[in-house]
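Okay, here's what each chain looks like letter by letter:
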Amino acid sequence: MDHLPLFVDLRDRPCLLVGGGEVARRKLELLLRAGARVEIVAPALSEGTRALAEQHELSVHARPFRSDDVAGRWLVIAATNDRDVNAAVYRAAEARQVLVNSVDQPDASSAIFPAIVDREPVLVAVSTGGSSPTLARLVRRWIEARLPARLGTLARFIGERREAAKRALATLPERQRFWQRVIEGPVAEHVYRGDDAGAEAAFEAALTESANEATKGLVALIGAGPGDPELLTLKALRLLHEADVVLYDNLVNRAILDYARRDAELVYVGKRRAFHGVRQEGINALLVQHAKAGRRVVRLKGGDPFIFGRGGEEVEALAGEGIDCVVVPGITAGIGAAGYAGIPLTHRDVSQSVRFVTGHRKDGAINLDWPELARPDQTLVIYMGLPGLEEILSRLVEHGLPPDTPAALVEKATLPEQRVLVGTVSDLSERVQRAGVRGPTTAIVGRVVAYRRA
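Report follows, based on the coordinates. (Residues numbered from 1 in each chain as written. Predicted model: local features only at pLDDT ≥ 70, side-chain atom pairs only at ≥ 80, totals over all residues. Heavy atoms only, no water.)

## Considerations on the environment of arginine 279
You can see arginine 279 is positioned in the loop between strand S10 (265-268) and helix H11 (280-292). Since its relative accessible area comes to 59%, arginine 279 is described here as exposed. Between the C-alpha atoms of arginine 279 and valine 269, which are 10 residues apart in sequence, the distance is 8.2 Å. (Helix = DSSP H or I, 4+ residues; strand = E, 2+ residues; numbered from the N terminus. Buried < 20%, exposed > 50% of the residue type's maximum accessible area, 1.4 Å probe, protein only.)

What follows is the structure, given as structure tokens:
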């Protein structure tokens, strides 16, 4: 993050605008809308800038900039068409630890003006850090087209009733769920239509209903997919937004956690090789504990919860305690790895079935149905097989799989750093060792690998 997004209260704060042209006028309009006390330094003013200055009775200094002009300011804006002057303003402001924005010069700015969507008091700011103001404006337009025109009215409606909700609903999770019901339900629709009486009646009915509801927790087991955040389902995103607590494992891309509420409690319960983390029994106990406290809990798992994710054990533990549970499927690692590696898992010429197996060792051994897995007319997808890859491939050959059968290993599937190593069952393990693969990995064995689209 190159810049911290920050909303600054400039009401009656002294600010300086250096420049008097049309660019300066646009910045002046923003400062005045924010209630700033603005002084202008410029040898000349455009007609529009002069009109604003006279309308608001601003102090105007008709001369070139001097370094001591920045003293005592909260914010300085350099909006001249002379880059040397803007640079001088930046140096003077930096020397006095005053925030400065040089228009279209991010290298001479400690503050950036974003593109703004204004639904006062709701404000959405979009910034590209100065790299592309045009892109920021386009993103603002996309957002603006999706926000209701009376969104600000809804925000004021909610603000005026926060204390009433606080009196009626004792806990923060209860209030958060209630406000979500307000924002996504009939109350908001009445506000958007300008139906004040209908909005008030719907609000009172929703508040009474929420106050009479017993506090009840909910657990959602969500498949986070193999890594790429864009592979999350819409339902997974919605439940993440609603969660009070998120329990996540080692295979979850940390970028996905950014979709959770900022005030949600994030709990790491992952396991790594040689580091067992929280045992499954402990995870089950945490899910039960948080749900019984009335929280909305998300158990975020890499891939799909029900494919080598122990989701079944967690559902069983929750059912035994009478706790509601929702399962949100995710794209399992085998499908994600194959798709992003360009390998079809089935092909009518060479493979009509797929087998998903785990290569995880138990008690030092890999116990699989080798004769069945060695059949040449199917695709074999191996999860967690990196430590035992050499043994797995050797055993397949021992049980009849031709040594020249194509095989691939996908490291960090669907992520930007994904690597795909292609060989045969006889040499893939050696290729992987030479490449220094660390994981996580998914191996794909079968003639479909030869159809890979790189």
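## What to know about the sheet that holds strand S15 (residues 406-411)
Spatially, 5 strands are ordered S13-S14-S17-S15-S16 in an open sheet, and the strand pairing comes out mixed. The sheet is open, and its two edges are formed by strand S13 (354-358) and strand S16 (419-424), each paired on a single side. Geometrically, the sheet is characterised by an average inter-axis angle of 20 degrees between neighbouring strands, direction not taken into account. Across 6 bridges, S15 lies against S16 in antiparallel orientation. Directly across from proline 406, in S16, lies its bridge partner threonine 424. In the packing of helix H16 (residues 428-435) onto the sheet, the strands contacted are S15 and S16, and the crossing angle to S16 comes to about 145 degrees. (Pairing = 2+ DSSP bridges. Axes fitted to C-alpha atoms, helices over the stretch in contact; angles between N-to-C directions. Contact = heavy atoms within 4.5 Å.)

## Looking at helix H5 (residues 151-159)
Three or more residues of H5 are buried, namely Leu151, Gly152, Leu154, Phe157 and Ile158. Those residues of H5 that are buried are in contact with strand S6 (115-119), strand S7 (122-126), helix H6 (162-168), helix H7 (172-184), helix H8 (186-193) and helix H9 (196-212).

## Section: the packing of aromatic side chains
Here the structure, examined in full by the defined rule, presents 7 aromatic pairs. An angle of 70 degrees between the planes, with centres 5.6 Å apart, marks the rings of phenylalanine 178 and phenylalanine 203 as edge-to-face. Of this pair, phenylalanine 178 sits in helix H7 while phenylalanine 203 sits in helix H9, placing them 25 residues apart in sequence. Phenylalanine 203 matches phenylalanine 178 in its accessibility class, with the two residues each being buried. Considering the side-chain rings of phenylalanine 356 and tyrosine 383, the 6.0 Å spacing of their centres and the 70 degrees angle between planes classify their relative orientation as edge-to-face. Taken together, the residues span a long stretch of sequence, with phenylalanine 356 in strand S13 and tyrosine 383 in strand S14 (residues 379-383) at a distance of 27 residues. The partly exposed category is assigned to phenylalanine 356, whose relative accessible area is 31%. Connected via pairs of aromatic rings, a cluster forms that spans Phe157, Phe178, Trp179 and Phe203. (Phe/Tyr/Trp six-rings, centres within 6.5 Å; stacked < 30°, edge-to-face > 60°.)

## Points about the environment of alanine 165
One can find alanine 165 in helix H6. Setting aside its immediate chain neighbours within four residues, alanine 165 contacts Arg175, Phe178, Trp179 and Leu207.

## Comments concerning the pattern of salt bridges
All told, the structure shown has 31 salt bridges when counted by the stated rule. The salt bridge involving arginine 310 is made with glutamate 313; its shortest N-O contact spans 3.7 Å. Judged by its relative accessible area of 37%, glutamate 313 is partly exposed. Residues joined by salt bridges that share partners form a network here, namely Arg177, Asp244, Arg261 and Asp263. (Salt bridge = Lys/Arg side-chain N within 4 Å of Asp/Glu carboxyl O.)

## Section: the nonpolar core
The biggest cluster of nonpolar side chains holds 22 residues, and the ones touching the most others in it are Leu396, Val432 and Val445. Secondary-structure elements contributing two or more residues to this core are helix H14 (370-373), S14, helix H15 (389-398), S15, H16 and strand S17 (441-445). Here this core takes 4 residues from H15, the largest share from any one element. With near-sequence residues (within four places) excluded, valine 432 lies in contact with Leu386, Leu389, Leu409, Leu421 and Val437. (Core = buried A, V, L, I, M, F, W, Y, C linked by side-chain atoms within 4.5 Å.)

## Notes on the side chain of serine 210
Relative to the elements of secondary structure, serine 210 occurs in helix H9. Looking at serine 210, the relative accessible area reads 8%, which means it is buried. Side-chain polar atoms of serine 210 contact the side chain of arginine 181, separated by 3.1 Å. With residues near it in sequence (within four places) discarded, serine 210 still touches Leu169, Phe178 and Arg181. (Polar contact = N/O pair within 3.5 Å; in protein donor to acceptor, adjacent residues only side chain to side chain.)

## Observations concerning unusual backbone geometry
A cis amide bond links glutamate 120 with the next residue in sequence, proline 121, at an omega value of 5 degrees. Residue placement: proline 121 occurs in the loop between S6 and S7. If you check the backbone angles, arginine 310 has positive phi at about 60 degrees while not being a glycine. By the element assignment, arginine 310 lies in the loop between strand S11 (296-301) and helix H12 (311-320). Of note, lysine 412 is a non-glycine position whose phi angle comes to about 50 degrees, a positive value. Within the element layout of this structure, lysine 412 appears in the loop between S15 and S16. On the basis of relative accessible area, lysine 412 is assigned to the partly exposed category, the value being 28%.

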